[in-house]
Amino acid sequence: MGIFGNDNEPKTITDSEIMELKKKHGIVLFYMNGCGHCETMKPSWNKLITELKDKHKNEIILAAIESGSMDMFKTHGINPAVSGFPTILYFQPGRHNMPEHYKGDRSYEDLKKWILTKKGKGKKVSNESLVILTNNTNNTNNKNNMNNTNNKNNKNNIDTSNKKMNNKNNKNGVDMGKTKGVAFSQFGGGSVRGKTKKQRHMKRRRSHKRRVTSVRKNSRRRVRR
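Being a predicted model, the structure only gives us computed values, none of them experimental.

Q: Describe the overall build of the protein, listing the residues and the values that go with them.
A: Scanning the protein for helices and strands turns up 6 helices and 4 strands. Along the protein, helices and strands appear, N-terminal first, in the series α-β-α-β-α-β-β-α-α-α. Within the structure as shown, the protein displays about 16,600 Å² of accessible surface, and the carbon and sulfur contribution to it stands at 50%.

Q: So what about unusual backbone geometry? Which residues, and what values?
A: Cis peptide bonds are those with omega within 30 degrees of zero, and the linkage from F85 to P86 qualifies with -5 degrees. The residue P86 is located in the loop between α3 (71-75) and β3 (87-91) in this model.

Q: Which residues make up the pattern of salt bridges, and what values do they have?
A: For the structure shown, the criterion picks out 4 salt bridges. The partner of E20 in a salt bridge is K24, and the shortest N-O contact between them spans 3.9 Å. By relative accessible area, K24 is classed as buried at 18%. With a closest N to O distance of 2.9 Å, K118 and E100 form a salt bridge. Placement of the pair is K118 in helix α4 (residues 108-119) and E100 in strand β4 (residues 100-101), with a sequence separation of 18 residues. Judged by relative accessible area, which is 6%, K118 ranks as buried.

Q: A description of the packing of helix α2 (residues 36-52) against α4 should follow, citing residues and the corresponding values.
A: Axis separation between α2 and α4 bottoms out at 9 Å; the angle between their running directions is 40 degrees. Classed by the angle they form, the pair α2 and α4 counts as oblique. Between α2 and α4 the crossing geometry is right-handed. Two secondary-structure elements touch here, α2 through M41, S44, W45, K47, L48, E51 and L52 and α4 through Y108, L111, K112, I115 and L116. For the contact of α2 with α4, the residue count by class is 8 nonpolar, 1 polar and 3 charged.

Q: Explain the confidence of the model for the protein to me, using residue names and the numbers behind them.
A: Low pLDDT means the predicted atomic positions in that stretch should not be read closely. In the predicted model, the protein carries a mean pLDDT of 74, and 58% of its residues have values of at least 70. Every residue in residues 122-137 scores below 50 in pLDDT, and together they form 3 contacts with partners more than four places removed in sequence or on other chains. This model gives residues 177-192 a pLDDT under 50, and the stretch forms 14 contacts once residues within four places in sequence are excluded.

Calculation notes
- Residues numbered from 1 in each chain as written.
- Predicted model: local features only at pLDDT ≥ 70, side-chain atom pairs only at ≥ 80, totals over all residues.
- Heavy atoms only, no water.
- Helix = DSSP H or I, 4+ residues; strand = E, 2+ residues; numbered from the N terminus.
- Areas by Shrake-Rupley, 256 points an atom, 1.4 Å probe, with all protein chains shown as cover.
- Salt bridge = Lys/Arg side-chain N within 4 Å of Asp/Glu carboxyl O.
- Buried < 20%, exposed > 50% of the residue type's maximum accessible area, 1.4 Å probe, protein only.
- Axes fitted to C-alpha atoms, helices over the stretch in contact; angles between N-to-C directions.
- Parallel < 35°, antiparallel > 145°, perpendicular 65-115°, else oblique.
- Left-handed = near helix turned anticlockwise from the far one by under 90°.
- Contact = heavy atoms within 4.5 Å.
- Nonpolar A, V, L, I, M, F, W, Y, C, P; charged D, E, K, R; others polar.
- pLDDT = per-residue confidence, 0-100.

Here is the structure:
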């Protein structure tokens, strides 16, 4: 069975476990007999798998396989990308042909921390969490509706204020015209009827002067003829 398959150590992965990798989380060590690096990490791996395998067997598959038995994976349509030994791969449901390579230290502590992180990915969201998410969504919608209502009310208040201000300004303009004796038109100009006495007098003088000048010019034309 190899260096990872003695009676007192975890056995290598089985056919049924390889099939489960398609729908279940799994971490598999790929090793080769006679590999010095594999022999070095043997104590850490065996200690870790012995500790975690039974405790988390329903959450994640933890196993090893020797390089000469890797055809078992191909039989089930899984082609792990292994180019050297030892190699540790994390298999995720639905992505079993794109496993994640472990790139950390091969010590017991680092391996355990990484494995426990991966096993947590298999947990489903509880109904309570879903309720909280739904409530948060409702709260968000209510908040948005409230903001929209406030914005609409603010806009109406601004429009009302502007309307009142315009009415007040128009009224002030008319009052100002009455005070100064000038009737202001819609565009701000004064009408003839609302001019002051001095302005009317000056206009009559200009009209009289134009008439006198016109009479003199006509008289000169008659004399020349």
